[in-house]
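Summary of the model geometry
Now for the letters of each chain:
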Amino acid sequence: MHFWQRLAASARERHSLLCVGLDPVVDRLPEAFSRPDRSLAGNLLAWNTHIIDETAEWAAAYKPNLGFYLAHGIDGLRLLEDTLARIPSGRPVLLDAKFGDIGATSEGYAQFCFGTLGVDAVTLNPYLGRDGLAPFLDWPDKGCFVLAHSSNPDGQAFQGRRLDGEPLFIQVAQTVRTWGPNSGLVVGATDPRALKQVRTAVPNLWFLAPGIGTQGGALEASLEAGWISRDVPGVLFNASSSLAQAREPAEVAGRLVRAMRAQMDALAAM
């Protein structure tokens, strides 16, 4: 199956649109996982494993952020590989890296993501245009979430600028739609109105919507804004810190997914 089919199947099987971020920030390592008889990478792996185990019932997908692993050099890359090995089979894995370059450099990044690590999807930056992302977009059966509207406040300094009367993020979304079947979009959940604008402009692409939880994104409003259908929900919500810092991640994940389920059932009944 293509990545989008696998993602939709995972979402339907678990009746969940939750993507669990695996972002091992050293300064936030809980005391319970800070053991002196283990290396730092070993402690971080134990923490990641705990989050995966706690959320396995609820997660439709997982998303490690590459930056938190590269910070530890070769040990961090081993930590990433060990973390990937602990994700349950059949669960799509997105690598958050926001790559965007040209030529052989981009080919190397794509090989690293899809060939070496074997992840199912990646986040990308569109600033260099399609030819800069072609090595990712043309990789068979993989997913590419291209940044359109980010969840951070200052992102709108560029993304919200109007060109020919239309916001840049809408023009990015409409352009990415023409980049082939592997294309999806990153559209933050912190601004449901903008998310709805993107869905209106691009009715058929999957969105990765970060920002629920600690960033204050409105889950129900964002789900309604990004929804396509029960068969292809079309929007995946990432939660990282709110799960990683929870005493019981399973409880937080379950609460989020139950809210998603209620909203999905209501939307499907309309």
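Scroll up a little and you will see the structure.
Our subject in this report is the structure included herewith. All of these numbers come straight from a predicted model, not from anything done at the bench. (Residues numbered from 1 in each chain as written. Predicted model: local features only at pLDDT ≥ 70, side-chain atom pairs only at ≥ 80, totals over all residues. Heavy atoms only, no water.)

A word on the overall build of the protein chain. Each helix and strand in the protein chain was counted, giving 12 helices and 10 strands. Considering only C-alpha atoms, the protein chain reaches an extent of 60 × 45 × 35 Å along its principal axes. For the protein chain, buried positions account for 53% of its 270 residues. For the protein chain, long-range pairs separated by at least 24 residues make up 71% of all intrachain contacts whose partners lie at least 6 apart in sequence. Only carbon and sulfur atoms are counted for the fraction: they give 51% of the accessible area of the protein chain, which is about 12000 Å². (Helix = DSSP H or I, 4+ residues; strand = E, 2+ residues; numbered from the N terminus. Buried < 20%, exposed > 50% of the residue type's maximum accessible area, 1.4 Å probe, protein only. Contact = heavy atoms within 4.5 Å. Areas by Shrake-Rupley, 256 points an atom, 1.4 Å probe, with all protein chains shown as cover.)

For the rest of this paragraph, the subject is the environment of Val232. Structurally, Val232 can be placed in the loop between α10 (219-226) and β10 (235-239). The exposure class assigned to Val232 is partly exposed, which follows from its relative accessible area of 32%. Distance from Val232 to Leu137, taken between C-alpha atoms, is 21 Å for residues 95 residues apart in sequence.

Before going further, it helps to examine the nonpolar core. In this structure, Leu18, Phe136, Leu185, Phe237 and Met260 are the most contacted members of the largest nonpolar core, which totals 73 residues. When near neighbours in sequence (up to four residues on either side) are disregarded, Leu18 contacts Trp58, Ala59, Ala60, Ala61, Leu236, Phe237, Ala239, Ala253, Leu256, Val257 and Met260. Membership of the second largest hydrophobic core comes to 15 residues, among which are Phe3, Ala8, Ala121 and Val186. (Core = buried A, V, L, I, M, F, W, Y, C linked by side-chain atoms within 4.5 Å.)

Bringing the packing of helix α2 (residues 40-55) against helix α12 (residues 249-269) into the picture now. Running from N to C, α2 and α12 point in directions that differ by 45 degrees, and their axes come no closer than 8 Å. Between α2 and α12, the angle is such that the two are oblique. Along this stretch, α2 crosses α12, giving a crossing that reads as right-handed. Residues His50, Glu54 and Thr55 of α2 form the contact with α12, whose participating residues are Pro249, Ala250 and Ala253. Here the contact of α2 with α12 is composed, by residue class, of three nonpolar, two polar and one charged. (Axes fitted to C-alpha atoms, helices over the stretch in contact; angles between N-to-C directions. Parallel < 35°, antiparallel > 145°, perpendicular 65-115°, else oblique. Left-handed = near helix turned anticlockwise from the far one by under 90°. Nonpolar A, V, L, I, M, F, W, Y, C, P; charged D, E, K, R; others polar.)

Note that side chains of opposite charge can pair when their charged atoms are close. Using the criterion set out here, one finds nine salt bridges in the structure. Note that Arg6 and Asp120 form a salt bridge whose closest N and O atoms lie 3.3 Å from each other. Within this pair, whereas Arg6 is found in helix α1 (residues 3-14), its partner Asp120 is found in the loop between α5 (103-117) and β4 (121-124), the two being separated by 114 residues in sequence. By relative accessible area, Arg6 is classed as partly exposed at 23%. In this structure, Glu251 engages Arg255 in a salt bridge whose closest nitrogen and oxygen atoms are separated by 3.9 Å. Highlighted residues: Glu251 and Arg255, both in helix α12, separated by four residues, approximately one helical turn. (Salt bridge = Lys/Arg side-chain N within 4 Å of Asp/Glu carboxyl O.)

Bringing unusual backbone geometry into the picture now. Positive phi, close to 50 degrees, is recorded for Lys98, a residue that is not glycine. Secondary-structure assignment places Lys98 in strand β3 (residues 94-99). Even without being glycine, Asp164 reaches a positive phi, approximately 55 degrees. Position of Asp164 among the secondary structure elements: in the loop between β6 (162-163) and β7 (166-167).

Further remarks concern the sheet that holds strand β8 (residues 183-187). In spatial order, the strands read β2-β1-β10-β9-β8-β5-β4-β3; together these eight strands make up an open sheet with parallel pairing. Both outer strands of the open sheet, β2 (61-64) and β3, are each paired with one neighbouring strand and no more. For this sheet, the mean angle separating the axes of adjacent strands, direction not counted, is 30 degrees. Pairing analysis gives three bridges linking strand β1 (residues 18-22) to β10, with the strands arranged parallel. (Pairing = 2+ DSSP bridges.)

Counting through the fold element by element, Arg14 comes out in helix α1. For Arg14, a relative accessible area of 13% corresponds to the buried category. In this structure, Arg14 is in contact with Ala56, Glu57, Ala59, Ala60, Arg91 and Arg261, ignoring residues within four places of it in sequence.

It is worth spelling out the packing of helix α8 (residues 168-176) against helix α9 (residues 192-201) at this point. Interhelical geometry of α8 versus α9 gives an angle of 35 degrees and a closest axis separation of 9 Å. The two elements α8 and α9 meet at a crossing, and its hand is right-handed. Of the residues in α9, those touching α8 at Phe169, Ile170, Ala173 and Gln174 are Ala194, Gln197, Val198 and Ala201. Across the contact of α8 with α9, the residue classes tally to six nonpolar, two polar and no charged.

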